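Results of the structural survey
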Amino acid sequence: QLVESGGDLVQPGESLRLSCAATGFTFNFHWMTWVRQAPGRGLEWVATLNQDGSERYYVDSVKGRFTISRDNAQNSLYLHMNSLTAEDTAVYYCGRNGGSIDSWGQGTLVTVSS
Amino acid sequence: DIQMTQSPSSLSASVGDRVTITCRASQGINTALGWYQQRPGKAPKRLIHDAFHLQSGVPSRFSGSGSGTEFTLTISSLQPEDFATYYCLQHVTYPWTFGQGTEVES
């Protein structure tokens, strides 16, 4: 099971950290991913991280602003988001990689608005 | 970046209908494609992995086919719980990219 938290209403330019708590599987065996969905829009892949945190991949629109990380001792995945803009408003899902994403959390809503 | 073009963007169907959704990749992705179902207000759920492998627990009325650049998701006999939006996802290379989605409505 994956449970996201940390979503909030923030102002443009502010920062936020999302968390994803993993249970029921061996967390450090899996690559992990964040995907987002803006209101009324489709799914957008955001970032992926390998098992030990040494390989990170990002969509161009968040490079330099977002950082994906993990704490295998805590079975947790994170997304550190800086310099947020209105275009970052979305539900953010964490996912477990099994090839593509084979398991998803329920999502956490991030709203960026003044 | 690999573009995934999904069609149609929406379709109207009835219970019992056969439904087909297509994804075209802008370059070859072998079989690195998943299909997802998303009901309103819910997280996506994987139906098919690696182009044609049925995800465990998913009804056998769902099937996937294709390789390279052309992929198809078929629902052999639409059920009431299948009215939802469907997405394809390529994972052969980063950035991973989703199709735009197909809304199946009554």
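Figured I'd write up the structure that's included with this text.

How each quantity is defined
- Residues numbered from 1 in each chain as written.
- Chains lettered and ligands numbered in written order.
- Predicted model: local features only at pLDDT ≥ 70, side-chain atom pairs only at ≥ 80, totals over all residues.
- Heavy atoms only, no water.
- Buried < 20%, exposed > 50% of the residue type's maximum accessible area, 1.4 Å probe, protein only.
- Helix = DSSP H or I, 4+ residues; strand = E, 2+ residues; numbered from the N terminus.
- Pairing = 2+ DSSP bridges.
- Contact = heavy atoms within 4.5 Å.
- Buried area = accessible area lost by both parts, 1.4 Å probe.
- Salt bridge = Lys/Arg side-chain N within 4 Å of Asp/Glu carboxyl O.
- Disulfide = S-S within 2.5 Å.
- Axes fitted to C-alpha atoms, helices over the stretch in contact; angles between N-to-C directions.

Let's shift gears to the pairing of strand β9 (residues 90-98) of chain A. All names here are of chain A. Where burial is concerned, most of β9 is hidden: seven out of the nine residues are buried. As defined by bridge partners, strand β4 (residues 32-37) adjoins β9 across six bridges and the pair is classed as antiparallel. Among the inter-strand pairings, Arg36 is bridged to a residue of β9, identified as Tyr92. As paired elements, β9 and strand β10 (residues 100-104) share four bridges and run antiparallel to each other. Paired with Asn97 across the strands is Ile101, a residue of β10.

With 21 residues of chain A at the contact, the number on the chain B side is 15 residues. Of the roughly 1500 Å² buried at the junction of chain A and chain B (both faces included), carbon and sulfur atoms supply 64%. If you sort the residues of chain A by the area they bury against chain B, Leu43(A), Trp45(A) and Ser100(A) come out on top, with a joint share of 39%. Taken together, the links from chain A to chain B amount to zero salt bridges.

This part takes up the state of the cysteines. Residues and elements named next belong to chain A. Per the counting criterion, the structure on display carries two disulfides over all chains. The disulfide partner of Cys20 is Cys94, and the gap between their sulfur atoms is 1.9 Å. Residues Cys20 and Cys94 share a disulfide whose torsion about the S-S bond is about 45°; that sign makes it right-handed. With a gap of 74 residues between them, Cys20 in strand β3 (residues 16-22) and Cys94 in strand β9 connect regions that are remote in the sequence.

Right, let's talk about the sheet that holds β3(A) for a bit. Residues and elements named next belong to chain A. As summarised here, the arrangement of the four strands in space is β1-β3-β8-β7, forming an open sheet in which the pairing is antiparallel. With one partner strand each, in any of the chains shown, β1 (2-5) and β7 (66-71) form the two edges of the open sheet. Each neighbouring strand pair of the sheet contributes to a mean axis angle of 15°, computed without reference to strand direction. In the sheet, β1 pairs with β3 via four bridges, with the strands oriented antiparallel. Opposite Leu2, over in β3, you have Ala22 as the bridge partner.

Spatial relationships are all this shows, so hold off on functional conclusions.
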